[in-house]
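Secondary and tertiary structure notes
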Amino acid sequence: MRGTPAPQRHVNYGDELLADGTVHRRYSDGRQEWRTRGGDGLVHWRDERGYTGVDEPLGRHIVKRVYRNGRTVYGREGGFGRTLWSDGVLTVNRSSFGGRIGGILAAIAGGALLGGLISPPEFLTHAQEEELRTQAMSQSSSGSGGSSDYGGWDGDGGDDDGDFG
């Protein structure tokens with residue numbers, strides 16, 4: 001089994017819930033996204049550079065991000081608002097922790113908190129994706145699924161890690 005590689009890039013982000021239900025996400029590298037959750041559970045996003053796409057949860061802790069141009073990356077959510085992406089980016093939700101503790105944890109997330117992360121898949125077949133979706137549906141229908149990692153901004157009142165990194 002391969003170990004967790006160090007991320008090539010570490011990016012913090014913060015979310016702001018807007019009056020229309022959209023989330024404005026600001027990244028520490030200057031990027032911005034506007035995110036909307038559809039009734040199908042998918043998160044549709046667009047950014048200031050004109051890119052658009054969809055984030056889809058695939059089972060517990062796996063996220064599939066599909067860009068409009070067809071490019072696909074996978075992420076594995078690692079708790080504490082951290083998501084390690086198959087393209088080498090580690091995103092950390094600085095909104096997950098308030099005040100001083102949030103700042104400290106965001107600052108060390110690339111180091112000490114990385115130890116608990118497992119690399120995301122680099123590629124999944126359609127059959128593997130369907131299996132993950134089926135597992136997620138059976139977990140949610142039995143009520144035994146853990147954190148939904150949907151970010152709490154959709155009105156569920158949760159304190160989840162973020163809405164798909």
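Shown above is the structure to which this text applies.
Throughout what follows, the structure given in this document is the object of discussion. (Residues numbered from 1 in each chain as written. Predicted model: local features only at pLDDT ≥ 70, side-chain atom pairs only at ≥ 80, totals over all residues. Heavy atoms only, no water.)

Thoughts on unusual backbone geometry
Leaving glycine aside, a negative phi is the common case for residues, and trans is the common case for peptide bonds. Despite not being glycine, His61 shows a phi value in the positive range, around 75°. Looking at where His61 falls in the secondary structure, it is placed in the loop between strand 5 (52-57) and strand 6 (62-67). On the basis of relative accessible area, His61 is assigned to the partly exposed category, the value being 25%. The phi torsion at Phe80 lies on the positive side, around 55°, for a residue other than glycine. Of note, Phe80 is situated in the loop between strand 7 (72-77) and strand 8 (82-85). (Helix = DSSP H or I, 4+ residues; strand = E, 2+ residues; numbered from the N terminus. Buried < 20%, exposed > 50% of the residue type's maximum accessible area, 1.4 Å probe, protein only.)

A word on the packing of aromatic side chains
Applying the stated rule across the entire model yields 2 aromatic pairs. Centroid distance Tyr13 to Tyr27: 5.7 Å. Interplanar angle 50°. Geometry classified as tilted. Residue Tyr13 is found in strand 1 (residues 9-17), and its partner Tyr27 is found in strand 2 (residues 23-27); the two are separated by 14 residues along the sequence. Tyr27 carries the same exposure label as Tyr13, and that label is buried. A cation sits over an aromatic face here: Arg31 above Tyr27, 4.0 Å from the ring centre. Over the ring of Trp45 we find Arg65; its NZ or CZ atom is 4.1 Å from the centre of that ring. (Phe/Tyr/Trp six-rings, centres within 6.5 Å; stacked < 30°, edge-to-face > 60°. Lys NZ or Arg CZ within 6 Å of the ring centre and 35° of its normal.)

Observations regarding the pairing of strand 6
Summarising burial for strand 6: 5 of the 6 residues are buried, a large majority. By the bridge criterion, 5 bridges tie strand 5 to strand 6 in an arrangement that is antiparallel. Bridge pairing links Val54 to Val66 in strand 6. Connecting strand 5 to the next strand, strand 6, in antiparallel fashion are 4 residues, including Gly59 with a positive phi near 70°. When strand 6 meets strand 7, the two strands line up antiparallel, connected through 5 bridges. Residue Val66 lies in a different strand from strand 7, and its bridge partner there is Thr72. The antiparallel pairing of strand 6 with strand 7 creates a hairpin that spans 4 residues between the two strands, and Gly70 there sits at a positive phi of about 95°. (Pairing = 2+ DSSP bridges.)

Concerning the environment of Arg9
Looking at the element boundaries, Arg9 is found in strand 1. The class for Arg9 is partly exposed, based on a relative accessible area of 39%. Measuring from C-alpha to C-alpha, the distance between Arg9 and Val89 comes to 4.9 Å, with 80 residues separating the pair along the chain. When residues no more than four places from it in sequence are discounted, the contact partners of Arg9 are Asp29, Arg31, Gly88, Val89 and Leu90. (Contact = heavy atoms within 4.5 Å.)

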